[in-house]
Amino acid sequence: MRLGLERLYFLMDKQVNQEEEIFKKKESLFKKIGKIEIGDQVLMKKHMKKDKLDSSFKEKVFTVVDRFHYNTFILVNAEGVKLKRAINGAHLKNFVQRQAVNPKLIKE
């Protein structure tokens, strides 16, 4: 009888540990999703590249207007036209505006 209870406790502890691991995986997924917020400027992925040296993202900058669960976003282009479909967050990347740098020439 004692061996049966020890096995039962072992199996219950094993199940709790598995549930904790699943929870940690979901938690890390939500952290990835949280990178893009409403109002952020993003770049959208190109699905049809001409060759392997072509850029992976389109040159157009889009703005996030709405965000749904499961990492789905509604985007607006620079002219203010809303895209027809919602876009998965896996196909988006935050846009970072580069600062204009004036190189200083050294005169000799």
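Peer 1: I keep staring at the nonpolar core and nothing clicks. Help me out?
Peer 2: Where a protein is soluble and globular, its nonpolar side chains tend to be buried together. In terms of nonpolar packing, the biggest core is built from nine residues, these being Ile-36, Val-42, Met-44, Phe-62, Val-64, Phe-73, Leu-75, Ile-87 and Leu-92. Those elements that provide at least two residues to this core are β1 (41-45), β2 (57-68) and β3 (72-76). Residues contacting Leu-75, with those up to four places away along its chain left out, are Val-42, Met-44, Phe-62, Thr-63, Val-64, Val-65, Val-81, Lys-82, Leu-83, Ile-87 and Leu-92.

Peer 1: Would you explain the side chain of Lys-46 in this entry?
Peer 2: Along the chain, Lys-46 falls in the loop between β1 and β2. At 3.4 Å, the side chain of Lys-46 forms a polar contact with the side chain of Asp-54. Residue contacts for Lys-46: discarding those within four places in its chain leaves Asp-54, Ser-55, Ser-56, Phe-57, Lys-58 and Glu-59.

Peer 1: Is there a simple way to explain the confidence of the model for the chain in this structure?
Peer 2: Fine structural detail should not be taken from predicted coordinates in areas where pLDDT scores are low. Here the chain shows a mean pLDDT of 82. Residues at 70 or above account for 90%. For the chain, the element scoring lowest by mean pLDDT is helix α1 (residues 2-33), at 74; β3 scores highest, at 93.

Peer 1: Just to check I follow, could you spell out a nonpolar patch on the surface for this structure?
Peer 2: There is a patch of nonpolar side chains on the surface, built from Leu-5, Leu-8, Tyr-9 and Met-12 and spanning about 410 Å² of accessible area. Relative to the elements of secondary structure, Met-12 occurs in helix α1. Exposure remark for Met-12: the relative accessible area of 44% places this residue in the partly exposed category.

Peer 1: When you look at the pairing of β3 in this model, what are you seeing that I'm missing?
Peer 2: Two faces belong to every sheet, and in a regular strand the side chains alternate between them. Counted residue by residue, β3 has four buried out of five residues, so it is predominantly covered. With antiparallel pairing between neighbouring strands as the criterion, β2 and β3 make up a hairpin whose turn holds three residues, including Tyr-70 at a positive phi of roughly 65°. In this structure, β3 lies alongside strand β4 (residues 87-88), joined through two bridges in antiparallel fashion. Counterpart to Phe-73 in the pairing with β4 is Ile-87.

Peer 1: Help me out: how do you make sense of the environment of Gly-39 in this one?
Peer 2: With respect to the secondary-structure elements, Gly-39 resides in the loop between α1 and β1. What makes Gly-39 partly exposed here is its relative accessible area of 48%. A sequence separation of 28 residues divides Gly-39 from Arg-67, and the C-alpha atoms of the two residues are 10.0 Å apart. Contact partners of Gly-39, with chain neighbours within four places excluded, come to Thr-63 and Val-64.

Peer 1: Looking at this structure, I do not really get the sheet that holds β1. What am I missing?
Peer 2: Strand pairs in the sheet, formed through backbone hydrogen bonds, run parallel or antiparallel to each other. Across the sheet, five strands lie side by side as β4-β3-β2-β1-β5; this open sheet has antiparallel pairing. In this open sheet, the two edge strands, each paired with only one partner strand, are β4 and β5 (92-94). In the sheet, β1 pairs with β5 via three bridges, with the strands oriented antiparallel. Looking at the pairing, Val-42 lines up with Asn-94 of β5.

What counts and what doesn't
Residues numbered from 1 in each chain as written. Predicted model: local features only at pLDDT ≥ 70, side-chain atom pairs only at ≥ 80, totals over all residues. Heavy atoms only, no water. Core = buried A, V, L, I, M, F, W, Y, C linked by side-chain atoms within 4.5 Å. Buried < 20%, exposed > 50% of the residue type's maximum accessible area, 1.4 Å probe, protein only. Helix = DSSP H or I, 4+ residues; strand = E, 2+ residues; numbered from the N terminus. Contact = heavy atoms within 4.5 Å. Polar contact = N/O pair within 3.5 Å; in protein donor to acceptor, adjacent residues only side chain to side chain. pLDDT = per-residue confidence, 0-100. Patch = residues over 30% accessible without salt bridge, like charges linked within 9 Å, V, L, I, M, F, W, Y side chains within 5 Å. Areas by Shrake-Rupley, 256 points an atom, 1.4 Å probe, with all protein chains shown as cover. Salt bridge = Lys/Arg side-chain N within 4 Å of Asp/Glu carboxyl O. Pairing = 2+ DSSP bridges.

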